[in-house]
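Residues per chain, in single letters:
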Amino acid sequence: MAELACLRQRVAELETMLAEHKQLQQRLQESEQMVRALLGTPFHLVGFVNAEGIILDVNEIMARRMGYRVDELVGRYGWDLLPPDLARSRKAYADHVFQSGQPVRFEDERQGIWYDNVFQPVFNGQGRVTKVAVLARDITEHKRMEQELERRVQERTAELAASEARYREAEEQARQAQEETLRVHRLLMALSQAAQAVQQARTRQDVFRLMGEEIRKLGFQAAIFDVAEDHTFLTFHYLTSWRRMQQVTQRLLGLSLLEMRVPLAPDGFFQPIIEGGESRFCQDTAALATRGFPRLGYVAFEKLLTLLRMRHSIYAPLTVAGQTRQLLGVFGDELLEADVPTVTAFANQAAIALENARLLEELAASSAHLRRLAQRVINAQEEERRRLSQALHDEAGQALTALRISLELLRDDLAGEAGASGGRLDDAIALTTQTMEELRLLARDLRPPALDAVSLDQALAGVCQDFVRRTQIAVDYLGAPMPPVSEAVSITLYRFLQEALTNAVRHAHASRVSVTLRCDGRAINLAVEDNGKGFDKKVLLPAAGRSAGLGLLGIQERLEMLGGRLDITSQIGRGTRLVGWVPLQNAGLERGGKR
């Protein structure tokens, strides 16, 4: 029984071993089928080698690629069938796989064909690497597509890089253009404000000075050149760095700026500016200066203008009344040719200011001439008044005095005998006396002797007293001590008071007049105010001036010739106030005048 049990156990073990053997045989068959399938794949080169490099098996594709049949390769030493360099690298890969048990994968190219290579270890049941499967896949087409894709990517990358470079260049150009636009705009606005300042100038010299000052505020230098009548040379009229340039030119050339003559060639740089009105930009001011003064040399000018930051320059014509008599030069290291229109616009505005200043100077000269003529007329009038006053006093007055004395003697001789004739002699004597008084008053009005004998305050007080006696109109006079004044001021204020009092009684029908004379340290003021009917000065003043002797307009002109003015305040029904104002600086003793 025991032997039977042992036999059964042995049979069971054999059956188990048989089952395992069948499983191993089945796996081996499956493995062989897999290897055969692998060897038969049309897309791969497949082979097996052992550790000694003996080819165990290959598929048809690998055999054909190596130039053999399958049966000619199996059993041969595989590394001798390859070129030496290829054999060394392949053997090294295989040895590495046998030693490490790790697969190796790499790509290479042989005879224009690209391969994806895999050295795959094959293990036995004990986990040892017994052989290496060598697999190679033809990836030439893939590689070509990959290379083409890479080429296209590179081309596209290059295109994108070029496009980006163009974009950056365009962006930089746009930025520079924007900066340039802003710079030109700032320069234009600054020169526009400068042009407005220049327009305020009253004389041509003020225009030149303001042009230089405004341009210098912008960080540039400016020069004004006078053009010779025959267009053969330029001379300096104004320069912002005048003192410094004067020292340099005196030291280098032995000339002052005012003596320098910049020669002009018929076909030179400046001719289109002078004759054609064309503004021009100069990149190298030193070279332009050297043409005019070759003996000084380019190097000296270049150092000087670099020191003064005047290397670039723009020249624009200053055309007045259709003629270019001056040129404007603007100098600065930061100037560009794009600034020419802006400088030209400024020069045009400056030319208008120069024309206005010229007209104002002519007007001022004409006004001064007219004032001198008017003063001569006034002086002649006053002299004629003086002569007539003296003639009336000396000649007519003496004749009337003699006549009155004769009439009185005749009346005395005929006393008690004349009868009715005596009465007529008394009337004649009274008429003669009245005529003498009227001549005295007329002579005094023509040339008031008080102006030569008493102060201005006393003379005006006397006018008011005489006015009260003649008209019975109340006058309140408030005077003040006056500093010594010229004869012209005394006569003008005297005539002003006469005219104002005459108008108060003749036109305003006033019943009271207030007269005030004062000096505040800056000016002499004579105010005349009445309580008359007043008037609309815009309408009635010209008529009143024409109808009233010298008239208020004449008085106003005489005050203005002394640097003063006449202020008139009047309302209908509320009286009139006249104020004559003379600045104290113009009221002093004139040459040959009296205090």
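As shown above, the structure is provided for reference.
Scoring rules and cut-offs
- Residues numbered from 1 in each chain as written.
- Predicted model: local features only at pLDDT ≥ 70, side-chain atom pairs only at ≥ 80, totals over all residues.
- Heavy atoms only, no water.
- Phe/Tyr/Trp six-rings, centres within 6.5 Å; stacked < 30°, edge-to-face > 60°.
- Helix = DSSP H or I, 4+ residues; strand = E, 2+ residues; numbered from the N terminus.
- Buried < 20%, exposed > 50% of the residue type's maximum accessible area, 1.4 Å probe, protein only.
- Lys NZ or Arg CZ within 6 Å of the ring centre and 35° of its normal.
- Pairing = 2+ DSSP bridges.
- Contact = heavy atoms within 4.5 Å.
- Axes fitted to C-alpha atoms, helices over the stretch in contact; angles between N-to-C directions.
- Core = buried A, V, L, I, M, F, W, Y, C linked by side-chain atoms within 4.5 Å.

Enquirer: Would you mind showing me how to read the packing of aromatic side chains here?
Expert: To describe a pair of aromatic rings, one takes the distance between the centres and the angle between the planes. Counted under the stated rule, the structure contains 9 aromatic pairs. Each ring, one from Phe225 and one from Phe236, has its centre 4.9 Å from the other, and the planes form 45 degrees; the classification is tilted. Highlighted residues: Phe225 in strand S6 (residues 221-227) and Phe236 in strand S7 (residues 233-239), separated in sequence by 11 residues. Given a relative accessible area of 6%, Phe225 falls into the buried group. Their ring planes at 45 degrees and their centres at 6.5 Å tell us that Phe225 and Tyr315 sit as a pair that is tilted. Taken together, the residues Phe225 in strand S6 and Tyr315 in strand S10 (residues 313-320) connect sequence positions 90 residues apart. On the basis of relative accessible area, Tyr315 is assigned to the buried category, the value being 3%. A cation over an aromatic ring shows up here: Lys143 above the ring of Trp114, its NZ or CZ 4.8 Å from the ring centre. The side chain of Arg565 reaches across the aromatic face of Trp581, ending 4.6 Å from its centre.

Enquirer: Honestly, the sheet that holds strand S9 (residues 280-282) in this entry has me stumped. Any pointers?
Expert: Pairing is antiparallel across the open sheet formed by 6 strands, whose spatial order is S8-S7-S6-S11-S10-S9. The open sheet is flanked by strand S8 (262-263) and S9, the only strands paired with a single partner. In the sheet, S9 pairs with S10 via 3 bridges, with the strands oriented antiparallel. Directly across from Arg280, in S10, lies its bridge partner Tyr315. Each of S8, S9, S10 and strand S11 (323-331) touches helix H9 (residues 285-292); the most contacted strand, S10, lies at about 60 degrees to it.

Enquirer: Looking at this structure, I do not really get the nonpolar core. What am I missing?
Expert: Here is a general trend for soluble globular proteins: nonpolar side chains tend to be buried in one another's company. Counting 36 residues, the largest nonpolar core has Leu493, Phe496, Leu497, Val513, Val515 and Leu526 as its most contacted members. Those elements that place two or more of their residues in this core are helix H14 (456-471), helix H15 (487-506), strand S13 (512-519), strand S14 (523-530), helix H17 (551-561), strand S15 (565-570) and strand S16 (576-583). With 9 residues, H15 is the largest single contributor of residues to this core. For Leu526, the residues in contact, after removing those within four places along its chain, are Leu460, Leu493, Phe496, Leu497, Val515, Thr516, Leu517, Leu578, Val579 and Gly580. Counting 26 residues, the second-largest nonpolar core is a separate cluster that includes Cys282, Phe293, Leu296 and Leu305.

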